[in-house]
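What the coordinates show
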Amino acid sequence: GESVGLHLPTLSVQEGDNSIINCAYSNSASDYFIWYKQESGKGPQFIIDIRSNMDKRQGQRVTVLLNKTVKHLSLQIAATQPGDSAVYFCAENMGGGKLIFGQGTELSVKP
Amino acid sequence: GAVVSQHPSRVICKSGTSVKIECRSLDFQATTMFWYRQFPKKSLMLMATSNEGSKATYEQGVEKDKFLINHASLTLSTLTVTSAHPEDSSFYICSGAGEETQYFGPGTRLLVL
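This section reports on the structure supplied with the text. (Residues numbered from 1 in each chain as written. Chains lettered and ligands numbered in written order. Predicted model: local features only at pLDDT ≥ 70, side-chain atom pairs only at ≥ 80, totals over all residues. Heavy atoms only, no water.)

**Let's talk about the overall build of chain A**
Put simply, the rule is: For the purposes of this entry, the term helix denotes a DSSP run of H or I that reaches at least four residues, the term strand denotes a run of E that reaches at least two, and both are numbered from the N terminus. All radius of gyration figures rest on C-alpha atoms, and the globule criterion is 2.2 Å times the number of residues raised to 0.38. Exposure was quantified through the Shrake-Rupley algorithm and a 1.4 Å probe, taking into account, for residues, occlusion by the shown protein chains and nothing else.
The secondary structure content of chain A amounts to zero helices and eleven strands. Along its sequence from the N terminus, chain A presents helices and strands in the succession β-β-β-β-β-β-β-β-β-β-β. Whereas a compact globule of 111 residues would reach a radius of gyration of roughly 13 Å, chain A reaches 13 Å, a difference of no more than 12%. C-alpha atoms of chain A, sized along the principal axes, occupy 40 × 30 × 20 Å. Looking at chain A as shown, the accessible area adds up to about 5,400 Å², and 46% of this sits on carbon and sulfur atoms.

**Here's the deal with the interface of chain B and chain A**
To keep things clear, this is the line we draw: In what follows, residue pairs with any heavy atoms lying within 4.5 Å of each other are defined as contacts. Accessible surface is computed with a 1.4 Å probe, and the buried area is the amount of it that two parts give up when combined, taken over both parts together. Should a side-chain nitrogen of Lys or Arg be within 4 Å of a carboxyl oxygen of Asp or Glu, the pair is scored as a salt bridge. In protein, a polar contact means a hydrogen-donor-capable atom and an acceptor-capable atom, both N or O and within 3.5 Å, with residues adjacent in sequence counting only if both atoms are side-chain atoms; elsewhere, any N or O pair within 3.5 Å suffices.
At the junction of the two partners, chain B supplies 18 residues and chain A supplies 20 residues. The junction of chain B with chain A conceals about 1,400 Å² of combined surface from both sides, 50% of it contributed by carbon and sulfur atoms. At the junction of chain B with chain A, the criterion picks out two salt bridges. Counting across the chain B and chain A interface gives seven residue pairs in polar contact (both at pLDDT 80 or more). Element by element, the count of residues in the side of chain B that touches chain A is highest for strand β4 (residues 32–38) of chain B, at three residues.

**Some words on the sheet that holds strand β7 (residues 67–73) of chain B**
Residue and element names in this part refer to chain B. Here is the rule we go by: Being paired, for any two strands, means DSSP has found at least two bridges between them. Here, axes are lines fitted to C-alpha atoms. For helices the fit covers the stretch in contact, and angles between N-to-C directions go from 0 to 180 degrees.
On the basis of which strands lie adjacent, the open sheet formed by four strands has the order β1-β3-β8-β7 and antiparallel pairing. With one partner strand each, in any of the chains shown, β1 (4–7) and β7 form the two edges of the open sheet. Here the strands of the sheet are splayed against their neighbours by 15° on average, with no regard to which way each runs. Across four bridges, the pairing between β1 and strand β3 (residues 19–25) is antiparallel. Its bridge partner being in β3, Val-4 is matched across the sheet by Ser-25.

**Description of a nonpolar patch on the surface**
Residues and elements named next belong to chain B. Convention followed: Patch membership is restricted to residues that have no salt bridge and whose relative accessible area is over 30%. Joining uses 9 Å for like charges and 5 Å for the nonpolar side chains Val, Leu, Ile, Met, Phe, Trp and Tyr. The buried label applies to any residue whose accessible area, calculated with a 1.4 Å probe on protein chains only, is under 20% of its type's maximum; exposed applies above 50%, and partly exposed to all values in between.
Residues Ile-12, Leu-111 and Leu-113 make up a contiguous nonpolar surface patch of roughly 310 Å² in combined accessible area. As for its placement among the helices and strands, Ile-12 is situated in strand β2 (residues 10–13). Exposure remark for Ile-12: the relative accessible area of 55% places this residue in the exposed category.

Right under this line is the structure:
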């Protein structure tokens, strides 16, 4: 069936470095994607979204890239900080507000 | 804006009892709310879609008699875990549907002894 998945389950980076978290999706008809951050024991928090008519979108220290040719999504975090340590999920909007979540990548930031 | 609360944040109950979890949209009206379950180190698994004033739509494999959902108003949905067993122990998260994204509650940790 259709699914959204992530390439890497864990990612460890040095404080100050840039982080890149990847996501592969399989539904070529999907037109809206969202990245969420989930800290331990909390609910997911919206980070940034992107529509399929865009290749790139930037926020504060975060950038999302969308490659529709290979159905790949990535989240880039600039100057990663200890507060960025969390699990990051990509999600695909399936219509009707329904989201399908990827497996998640746990980001650890080393001081 | 777009704040969702859940109550309780944590609950411990005995096996065989029922537990009710409330999900409230505090500053917006949520015609649709979603209930998820999450195991440690795992992704969110959609359990059901809750629509105000109508029956919930359950995902395949989710027992609707086990997980009762009521969405009586535009700001409140409840999930009742009936006759809870240890395998129902999990992190339950609700969300309120925005225009395209979802706004998530802080989650409820359920432990069934």
